[in-house]
Amino acid sequence: MGADLSELRWGDVVGGVVALGLLVACVGTFVTSFNRPSLGRILKLEGPAGDGEVREVRAQAAVLGLSAVIMILPVVLSGVGLPVTASLALIALLLVVHTALNLRLYRSVDELFRRVVIEAGALTFWVGQGVLFLWAAAERLGAAPALTAWDIYVVLMAVYLVVSMIVTIRRGLA
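Attention in this report is confined to the structure presented alongside it. Small disclaimer: the values here were computed from a predicted structure and weren't measured.

Observations regarding helix H5 (residues 111-140)
Consideration 1: The end-to-end C-alpha separation of H5 is 42 Å, in line with the 44 Å expected for 30 residues at 1.5 Å each.
Consideration 2: For H5, the set of buried residues is Val116, Glu119, Ala120, Thr124 and Gly128.
Consideration 3: Where H5 is buried, its residues meet helix H6 (149-170).
Consideration 4: At the C-terminal side of H5, Gly142 shows a positive phi close to 80°.

Laid out in structure tokens, this is it:
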């Protein structure tokens, strides 16, 4: 008895890859939090990371893990036969929890991390806007197929994940 993959679209596959990337980042971030001297160096501290820094890094790992779950959940729920209302309610609940954790984390981190988040968001906006415009123009000219909202969201998250990694590495935080 295998899974029915006949309804799987390219956006679902890319969404799964993005979710996997988020999950790997979650595990890596969580594991890193146990080595205080190494974490202190990553965070550019003068010594090992303290309890506050460890909590913040583990909160970031939780946000990354929840992001992975939220990213793949619509694909999974569409295939298991759960009523649409219950599926949407579960997704909305997890999104509220995710947003609350993100806001709490953003308020508690230092200026360097805030700068990384702002820079990644701004770059994602500019790159995403350019890619979306070019695709929309190609679609309008009949040179590209129409995209669904899910396809656009998955591409946006893929761009955000790549841009965030680049910004994080460029800032010396990875």
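What follows picks up the thread again.
Remarks on the side chain of His98
Consideration 1: Relative to the assigned elements, His98 resides in helix H4 (residues 84-108).
Consideration 2: Among the residues examined, His98 registers a relative accessible area of 12% and is labelled buried.
Consideration 3: Those residues in contact with His98 that lie beyond four places of it in its chain are Val63, Leu66, Ser67 and Ile70.

Observations concerning the environment of Lys44
Consideration 1: Topologically, Lys44 is positioned in the loop between helix H2 (36-42) and helix H3 (51-80).
Consideration 2: What makes Lys44 exposed here is its relative accessible area of 51%.
Consideration 3: Here the alpha-carbon distance between Lys44 and Val163, two residues 119 residues apart in the chain, equals 21 Å.
Consideration 4: In this structure Lys44 touches Arg171 and Gly172, once residues within four positions along its chain are discounted.

Digging into the environment of Trp135
Consideration 1: In this fold, Trp135 is placed in helix H5.
Consideration 2: For Trp135 and Pro37, which are 98 residues apart along the polypeptide, the C-alpha to C-alpha distance reads 46 Å.
Consideration 3: Setting aside its immediate chain neighbours within four residues, Trp135 contacts Ala144, Pro145 and Leu147.

Description of the packing of aromatic side chains
Consideration 1: Enumeration over the complete set of coordinates arrives at three aromatic pairs.
Consideration 2: Ring plane angle 75° and centroid distance 4.8 Å describe the contact between Phe125 and Trp126, whose orientation is recorded as edge-to-face.
Consideration 3: One residue, Arg58, lies across the ring of Phe34, its end atom 4.2 Å from the ring centre.
Consideration 4: Its guanidinium or amino end placed over the ring of Tyr106, Arg114 lies 5.8 Å from that ring's centre, counting from NZ or CZ.

With respect to the packing of H5 against H6
Consideration 1: Packing of H5 against H6 leaves a shortest axis separation of 8 Å and a crossing angle of 135°. Compared by their axis directions, H5 and H6 come out oblique. Note that H5 runs across H6; the crossing there is right-handed. Mapping the contact onto sequence places Val116, Glu119, Ala120, Gly121, Leu123, Thr124, Val127 and Leu132 in H5 and Ile152, Leu156, Val159, Tyr160, Val163, Ser164, Val167, Thr168 and Arg170 in H6.
Consideration 2: Among the residues making up the contact of H5 with H6, the classes are represented as 11 nonpolar, four polar and two charged.

Points about the pattern of salt bridges
Consideration 1: For the coordinates displayed, the defined rule picks out five salt bridges.
Consideration 2: Between Arg171 and Glu119 there is a salt bridge whose closest N-O contact spans 2.6 Å. Of this pair, Arg171 sits in the segment after H6 while Glu119 sits in helix H5, and the two are 52 residues apart along the sequence.
Consideration 3: A relative accessible area of 10% places Glu119 in the buried class.

As for the packing of H3 against H6
Consideration 1: For the pair H3 and H6, the least separation of the axes is 12 Å and the interaxial angle reads 155°. Classified by the interaxial angle, the pair formed by H3 and H6 is roughly antiparallel. Relative to H6, H3 is oriented so that their crossing is left-handed. On H6, the residues touching Met71, Pro74 and Val75 of H3 are Trp150, Tyr153, Val154 and Met157.
Consideration 2: Here the residues of the contact of H3 with H6 sort into seven nonpolar, no polar and no charged.

What counts, and where the lines are drawn
- Numbering of residues begins from 1 in every chain and follows the order in which that chain's sequence is written.
- The predicted origin of the model limits local features to residues at a pLDDT of at least 70 and limits the giving and counting of side-chain atom pairs to 80 or more, whereas totals for whole chains, interfaces and linings rest on all residues.
- Each side-chain value is worked out from all heavy atoms of the structure, with water and hydrogens disregarded.
- Helix and strand definitions follow DSSP, with helices as H or I runs of at least four residues and strands as E runs of at least two, each counted in order from the N terminus.
- Helix span, expected: 1.5 Å multiplied by one less than the number of residues in the helix.
- Each residue is placed in one exposure class: buried if its accessible area under a 1.4 Å probe, protein chains only, is under 20% of its type's maximum, exposed if it is over 50%, and partly exposed if it falls in between.
- Only heavy atoms matter for contacts: two residues are in contact if any of them lie within 4.5 Å across the pair.
- Two aromatic rings from Phe, Tyr or Trp, using only the six-membered ring of Trp, form a pair when their centres are within 6.5 Å; if the ring planes differ by under 30 degrees the pair is stacked, by over 60 it is edge-to-face, and anything between is tilted.
- Whether a charge sits over a ring comes down to the Lys NZ or Arg CZ being within 6 Å of the ring centre and within 35 degrees of the ring normal.
- The angle between two axes is taken between their N-to-C directions and runs from 0 to 180 degrees, where each axis is a line fitted to C-alpha atoms and a helix contributes only its stretch in contact.
- Oblique is the label for any angle not covered by the other classes, which are roughly parallel (under 35 degrees), roughly antiparallel (over 145) and roughly perpendicular (65 to 115).
- Should the near helix be turned counterclockwise from the far one by less than a right angle, the crossing is left-handed, whereas a clockwise turn marks it as right-handed.
- Each residue is assigned to one of three groups, with Ala, Val, Leu, Ile, Met, Phe, Trp, Tyr, Cys and Pro labelled nonpolar, Asp, Glu, Lys and Arg labelled charged, and all others, Gly among them, labelled polar.
- Put simply, a salt bridge is a Lys or Arg side-chain nitrogen that is within 4 Å of an Asp or Glu carboxyl oxygen.

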